[in-house]
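For reference, the chains in residue letters:
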Amino acid sequence: MKSYNFLLIPFAYNIYDLSQLEEIKNELIKFGHKAFKLEKKITEEGLCKLINNGDFNCVFRVNGPRPKKIKKNIRFITWYQDYFYDSDNQLESFKSSDIVYFYTAPEAYGIQKKPNCLTSNFYPGINDIDSGDDLHSISKITSINKYQNVDLSLLGAILSVNICNFNNSYFRNYNIDENHKIAELDHSYFLKQINKKEKKISIYKFKELICELQNIVELSYKPLSGELEVFRIAKKIKEKIMENFEFYDVDFFKGWIRFFSTEYPRFLDRIHMARLIANYSNKFIVVSDGWERLDEFKDFYREKIDDKDELYELLKRSKINLYTNTHGGGMHNKIFEIMINGGFVALPISSRNNMLGGIEECFIDGEHFSSFNPHKFDEFIDNWLNNSEKRLLIGNNARKEVLDKHTWRSRIYKLLNDLSH
């Protein structure tokens, strides 16, 4: 097998993304290759210089195109964990020797173009925890009912509170008369770009447009369905912006289009799920940034957990670990983190669950996890919340399956095998 020297490039330079690439780096080295992980943000021009001046012969990038100015003989791999409204344009950048990986089925992402290279699915992996620390082992030495002191947990940020408040008293999640700090800051930036070409715009028009864009998303995407159509929503958002302004292709509006077509639906999922579980328990936890600003969840949130041991402890102490995904993707790092600990994972029923990247591609409902109908959540709670014996069985089944087929070693074996063809 050819020896490679990999450059690994994250999409976001946060602990979550860097940790994934660290796992990939370590496995590549174990297979006898070299690997260097980029840990600081860099411009496209700087990236080209780094690649061309180094001795890298393979680049692995998350959510990004092949730069135009890099050497032609560099093998380039892009892993689309997300797929944005403008990502199709990137697919033209790849050479025939490159590889494009997707996190889920291309049709779930709404991909409209096929690159001129190998395309496949690539999922995260997971490594085993310390022996004896999984939930099944813990249950042998202590009462599981006493150990699990959290009924339901939900991981995921609600960063959209920066521009829209989810509290019920707000008109379409936003009080037009509110003197909103972030909106004022955005409006200042907004004016610098827009008022050069348009007459002065009031903060009220700015806020009203945000409400209209929220309306578009909330009427176009059904929370917890897993059936997000990014391109269709982005098209509607563009049209709404152009009704108010003569142009939409400035960076400011491009950010809005990406946010409302991709990020905002995720927050709708999480809010909808949190409000659903609040109807059935007062011993639940929502974890990550933003929740503390929502009055209804102030008593139930925990700050983002970056420490892996602390996170794993929460997953094991939760009777039910809930998961949501707007594209219906279930082969996600969060799923594997729950399963490797022997935890019980549950997610909404979706038509995409049995597609590529859906959880049913590799796991069996009722044997490794449980799905539920959000409209019959009471039935799900009745069946599972107090059934610790069956939850433990399913969690242990999932752990065995993950260890057998979904380790980082198995992922890197696939990557290297794809490179050899």
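About the criteria used
Residues numbered from 1 in each chain as written. Predicted model: local features only at pLDDT ≥ 70, side-chain atom pairs only at ≥ 80, totals over all residues. Heavy atoms only, no water. Helix = DSSP H or I, 4+ residues; strand = E, 2+ residues; numbered from the N terminus. Contact = heavy atoms within 4.5 Å. Phe/Tyr/Trp six-rings, centres within 6.5 Å; stacked < 30°, edge-to-face > 60°. Buried < 20%, exposed > 50% of the residue type's maximum accessible area, 1.4 Å probe, protein only. Axes fitted to C-alpha atoms, helices over the stretch in contact; angles between N-to-C directions. Parallel < 35°, antiparallel > 145°, perpendicular 65-115°, else oblique. Left-handed = near helix turned anticlockwise from the far one by under 90°. Nonpolar A, V, L, I, M, F, W, Y, C, P; charged D, E, K, R; others polar. Pairing = 2+ DSSP bridges. Right-handed = clockwise from strand over helix to strand, strands pointing away. Salt bridge = Lys/Arg side-chain N within 4 Å of Asp/Glu carboxyl O.

> Any chance you could break down the environment of L228 for me, citing the residues and the numbers?
Among the structural elements, L228 can be located in the loop between α7 (203-220) and α8 (230-244). Put simply, L228 and N325 are 97 residues apart on the chain and 9.1 Å apart in space, counted from C-alpha to C-alpha. The residues touching L228, leaving out its near neighbours within four places in the chain, are A108, Y221, I233, S261, T262, P265, T326, H327 and R352.

> Describe the packing of aromatic side chains, and please don't skip the residues or the numbers.
Under the defined criterion, the tally for this structure stands at 28 aromatic pairs. Between F36 and F56, the aromatic rings sit 6.3 Å apart at their centres with planes inclined by 35°, giving tilted as the arrangement. Note that F36 is positioned in strand β2 (residues 34-37) and F56 in the loop between α2 (44-53) and β3 (58-62), a separation of 20 residues in sequence. Assessed through its relative accessible area of 41%, F36 is described here as partly exposed. Here F56 falls in the buried class, since its relative accessible area comes to 12%. Pairwise contacts between aromatic rings join F60, W79, Y101, Y103 and F122 into one cluster.

> Break down the packing of helix α1 (residues 15-30) against helix α14 (residues 408-419) for me, with residues and values.
The contact between α1 and α14 brings their axes to 9 Å, and the two run at 70°. What the angle tells us is that α1 and α14 run roughly perpendicular. For α1 against α14, the interelement crossing comes out right-handed. In this structure, α1 uses Q20, E23, I24, E27 and L28 to contact α14, whose residues at the interface are W408, R409, I412 and L416. Along the lines of polarity and charge, the residues of the contact of α1 with α14 split into five nonpolar, one polar and three charged.

> Which residues make up the pairing of strand β1 (residues 5-9), and what values do they have?
The buried fraction of β1 is high, at five of five residues. Residues N5, L7 and I9 point to one face of β1 and F6 and L8 to the other, with burial holding for every one of them. Bridge analysis of β1 against β2 gives four bridges, and the strand direction is parallel. Paired with L7 across the two strands is F36, which belongs to β2. Note on the crossover from β1 through α1 to β2: the handedness is right-handed.

> Give me the pattern of salt bridges: which residues, what numbers.
Oppositely charged side chains can form a pair if their charged atoms are brought close together. This model, assessed by the stated rule, comprises 22 salt bridges. The salt bridge partner of E39 is K37, with a shortest N-O separation of 3.6 Å. Measuring nitrogen to oxygen at the nearest pair gives 3.3 Å for the salt bridge that ties E263 to R266. Here the residue E263 and the residue R266 both occupy positions in helix α9 (residues 251-278), the gap between them amounting to three residues, near one helical turn. In this structure R266 comes out as buried when scored by relative accessible area, which is 18%.

> Break down the sheet that holds strand β11 (residues 345-348) for me, citing the residues and quoting the values.
Spatially, β9-β8-β7-β10-β11-β12 is the arrangement adopted by the six strands of the open sheet, whose pairing is parallel. At either end of the open sheet lies a strand with only one pairing partner, and these are β9 (301-302) and β12 (370-372). Direction of pairing for β11 relative to β12: parallel, over a ladder of three bridges. Within the sheet, the bridge partner assigned to P348 lies in β12 and is F372.

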